[in-house]
Amino acid sequence: ACMLDVDAVVICLDSQPERWAAFQARNRAALENLRSVGVICDVLSGVDGADLHRQGLAGLQRLHDNGLIDLTNASTSSMSWGSLGTAASHRVLWKKAAVVNRPLLVFEDSACLDPSLHVALTDLLSDRPLTARGWDIVHLGWNLDTDVVCSCPGMH
């Protein structure tokens, strides 16, 4: 079998370890299949929206200063604190992937993975690097209840 040179991370809050356990149980077959091609999932301690809420304006200002939100945009005010924490967690991982310059799979702890995900990833990643295709991000799924929208000028 082709071994993939990719890291994988599951975003999970420290305050909710039961969600990591549920992710592992729900996705047991997919995780075993990913391991068979060399992909091991680590856990990232997610940014807790409740902590941002407690920080109030200082937390929002930090997100703004890091380019995560635009405080001059009215849509930012409609985002929940949880959504802001999720967005901040993804931002941490995007920066990590850019620094190490290698593919990074990012899963949220609520994700349901297809057991054949390893096959699709092998097809996608084995013949040439994503950057050789001009791709910076590949979104593998959908979310119908999100209020986080990504705008990344200069990214493909």
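Before reading on, note that the structure itself is shown above.
As the structure is a computational prediction, the values presented were derived from the model and not from experiment.

Q: Let's hear about the overall build of the protein: which residues, and what values?
A: Looking only at helices and strands, the protein has six helices and three strands in total. The 156 residues of the protein split such that 30% are buried. Put simply, of all contacts in the protein between residues at least 6 apart along the chain, 71% involve residues at least 24 apart. Here the protein displays about 9,600 Å² of accessible surface, and carbon together with sulfur accounts for 54% of that area.

Q: Any chance you could break down helix α4 (residues 57–65) for me, citing the residues and the numbers?
A: Three or four residues apart is the spacing at which side chains of an α-helix point the same way, because the helix has 3.6 residues per turn. When we look at burial in α4, the residues that qualify are Gly59, Leu60 and Leu63. Projected down its long axis, α4 carries its buried residues within an arc of 100°, all on one side. Exposed positions of α4 whose direction lies more than 90 degrees from the buried face are Leu57, Ala58 and Asp65. Buried-residue contacts for α4 involve α3 (49–55) and α5 (81–100). One or two positions beyond α4, positive phi appears at glycine 67, with a value near 75°.

Q: Outline the sheet that holds strand β2 (residues 41–45), listing residues and values.
A: Adjacent strands of a sheet form backbone hydrogen bonds with each other and so pair up, either parallel or antiparallel. The three strands lie next to each other as β2-β1-β3, forming an open sheet whose pairing is parallel. What marks the edges here is a single partner per strand, and that holds for β2 and β3 (104–108). When strand polarity is set aside, the average angle formed by the axes of neighbouring strands in this sheet is 30°. Pairing analysis gives five bridges linking strand β1 (residues 7–12) to β2, with the strands arranged parallel. Paired with valine 10 across the strands is valine 43, a residue of β2. In the packing of α5 onto the sheet, the strands contacted are β1, β2 and β3, and the crossing angle to β3 comes to about 165°.

Q: Provide a residue-level description of the pattern of salt bridges, including the pertinent values.
A: Inspection of every chain in the model, using the stated rule, returns one salt bridge. Its salt-bridge partner being aspartate 109, residue arginine 19 comes within 2.8 Å of it at the nearest N-O pair. Here arginine 19 is found in helix α1 (residues 17–26), whereas its partner aspartate 109 is found in the loop between β3 and α6 (117–125), with 90 residues between them in sequence. Taking relative accessible area as the criterion, arginine 19 reaches 33% and is therefore assigned partly exposed. According to the relative accessible area criterion, aspartate 109 is buried, its value standing at 8%.

How each quantity is defined
Residues numbered from 1 in each chain as written. Predicted model: local features only at pLDDT ≥ 70, side-chain atom pairs only at ≥ 80, totals over all residues. Heavy atoms only, no water. Helix = DSSP H or I, 4+ residues; strand = E, 2+ residues; numbered from the N terminus. Buried < 20%, exposed > 50% of the residue type's maximum accessible area, 1.4 Å probe, protein only. Contact = heavy atoms within 4.5 Å. Areas by Shrake-Rupley, 256 points an atom, 1.4 Å probe, with all protein chains shown as cover. Arc of directions from axis to C-beta. Pairing = 2+ DSSP bridges. Axes fitted to C-alpha atoms, helices over the stretch in contact; angles between N-to-C directions. Salt bridge = Lys/Arg side-chain N within 4 Å of Asp/Glu carboxyl O.

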